[in-house]
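Summary of structural features
What follows is each chain in one-letter form.
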Amino acid sequence: MAERRAVVVGAGIGGLTVARALADGGWEVTVCERAPGLRPAGSGLAIAPNALRGLDVIGEGEAVRERSALGSGGIRSSDGRWLIATDLEKLRERFGDTMVIVRRSELVDLLARGLPDGALRTGTEVVEVDPGDEDHPARVRTAEGTRTEADLVVAADGIDSVLRRALFPAHPGPAYSGFTAWRLDAPGLGEEIAAAEVWGRGLLAGAMPLADGSVYAYFTANAAPGQRTADERAELLRRFGSWHDPIPRIIAATAEEDILRNDVWWLREPLPALHTGRVALLGDAAHAMTPNLGQGACQAIEDGVTLARMVAPPGGIMAGLAEYTRVRLPRTTRIVRRSARAGGLLQSESRLVAAVRDTLIGTVARCAPGLFYGAFDQVFSWSPPQAGEPGPEAEPPDMR
């Protein structure tokens, strides 16, 4: 049998995951990344049990666990009260694994280092795609004019995906969430800080110690899109400086130039399919979501492993792509919408909504902690499909 050829457009976490999974399955893989090098934005990343199972498929699960800090801690109010403390043993008992926090650059390095020699081509921008069909290969064209044929093309080129716009021109594209986000990496504080997400009114903060002793922190605030200040560190202190320790201390320990700010956009309208012709979409190109469930990268990992197994022999590529859409579209649509609902609740500026929200989560923590962990059953219990076999029954679509 002739070797199958795949072109992956984008070397983010989803693109690298699917490239690794395809290469492991005997595909000749080329990864085209328009940036001149691998420079992942952000510092920390939460990897949930579902994504760890996906990483196990490509042989990187243990390496990620070894380089990670455990995602212990819980949820606090802005005055420092603990609303719920996370019990890692309950997580492990229920889902067979726990939540870990890893540096994004370390995960990217782990994924990239396992690619075949010469597979990764940085500084290569794909600007056009012909999706092909059952009888004809797909074709991609780079900005330099190079044209390449492939049995499979994977569009993993992010929320502003050029390929998604070309393949689904009627789709409205990303919608603004209503809030902006800051991310930073505070050095030397990790050993003295407990992991926690902190809820305010229209404001949210998170502090997650990393294995190297630094702290990955994130902040969100309601804002019009495109707003920026000359000093984002001062802006964070203005908004969060009165919150409980260690939130102000983390901000103060970070240099202003090390703070990233990005408005949060998402795909409010799901795509009609996650493939067309011989092109599959995954990750943010397919279903960009708000960060409120911590599932953006996790779902990209699920996508990559599932796609590689759906198109594995003995099934045909076209049948495998149809199965990929059948299995992944309902699941990712449900998670995108659930994350957006969580974002709306957490970013509410209503004093009443915030009080009810905090009281409810505190009551659940005291009286029925199983309900808290059970809320993640559909997300965290995912397992990879077997190669060449039909996927599980698709989850019913979330119409809300």
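Going by the structure above, here's the rest.
These notes cover the structure that comes with them. (Residues numbered from 1 in each chain as written. Predicted model: local features only at pLDDT ≥ 70, side-chain atom pairs only at ≥ 80, totals over all residues. Heavy atoms only, no water.)

1. Overview of the sheet that holds strand E15 (residues 203–209)
- If you trace the seven strands from one edge of the open sheet to the other, you get E6-E5-E14-E15-E16-E13-E17, paired in mixed fashion. Looking at strand neighbours, the two that pair on one side only are strand E6 (82–86) and strand E17 (260–266), the edges of this open sheet. If you compare each strand with its neighbour and ignore which way they point, the axes differ by 15° on average.
- Here strand E14 (residues 196–199) pairs with E15 via four bridges, running antiparallel. The residue bridging Trp199 from the neighbouring strand is Leu204, located in E15.
- Contacts between helix H12 (residues 351–367) and the sheet are confined to strand E5 (73–77), E6 and E14, with E6 contributing the most and set at about 45° to the helix. (Pairing = 2+ DSSP bridges. Helix = DSSP H or I, 4+ residues; strand = E, 2+ residues; numbered from the N terminus. Axes fitted to C-alpha atoms, helices over the stretch in contact; angles between N-to-C directions. Contact = heavy atoms within 4.5 Å.)

2. Thoughts on the nonpolar core
- Counting 93 residues, the largest nonpolar core has Leu22, Ile47, Leu107, Val153 and Leu307 as the members making the most contacts within it.
- If we ignore the near neighbours within four places in the chain, the residues touching Leu22 are Ala6, Trp27, Val29, Leu152, Val154, Ala308 and Val311.
- By size, the runner-up hydrophobic cluster in this structure holds 20 residues, among which are Leu184, Ala217, Phe240 and Ile259. (Core = buried A, V, L, I, M, F, W, Y, C linked by side-chain atoms within 4.5 Å. Buried < 20%, exposed > 50% of the residue type's maximum accessible area, 1.4 Å probe, protein only.)

3. Concerning the packing of helix H1 (residues 13–24) against helix H10 (residues 296–310)
- Packing of H1 against H10 brings their axes to within 8 Å, and their N-to-C directions diverge by 25°. Between H1 and H10, the crossing angle belongs to the class labelled roughly parallel. Considering how the two elements wind past one another, H1 and H10 form a crossing that is right-handed. Within the contact between the two elements, H1 uses Ile13, Gly14, Thr17, Val18, Ala21 and Leu22 and H10 uses Ala297, Ala300, Ile301, Gly304, Val305, Leu307 and Ala308.
- Tallied by class, residues from the contact of H1 with H10 come to 10 nonpolar, three polar and no charged. (Parallel < 35°, antiparallel > 145°, perpendicular 65-115°, else oblique. Left-handed = near helix turned anticlockwise from the far one by under 90°. Nonpolar A, V, L, I, M, F, W, Y, C, P; charged D, E, K, R; others polar.)

4. Details of unusual backbone geometry
- Omega for the bond connecting Asp245 with Pro246 falls within 30 degrees of zero, at 15°, which places this linkage in the cis form.
- Relative to the assigned elements, Pro246 resides in the loop between helix H7 (232–240) and helix H8 (247–252).
- In this structure, Pro314 follows Pro313 across a cis peptide bond, with omega equal to 10°.
- When you line up the elements, Pro314 lands in the loop between H10 and helix H11 (317–346).

5. Digging into the sheet that holds strand E8 (residues 120–122)
- In spatial order, the strands read E8-E2-E1-E12-E19-E18; together these six strands make up an open sheet with mixed pairing. Whereas interior strands pair on both sides, the edge strands pair on one side only; in this sheet they are E8 and strand E18 (275–276).
- Bridge analysis of strand E2 (residues 28–33) against E8 gives three bridges, and the strand direction is parallel. Each residue of the ladder has a partner; that of Cys32, found in E8, is Arg121.

Fair warning: the whole summary comes from geometry, so function is off the table for now.
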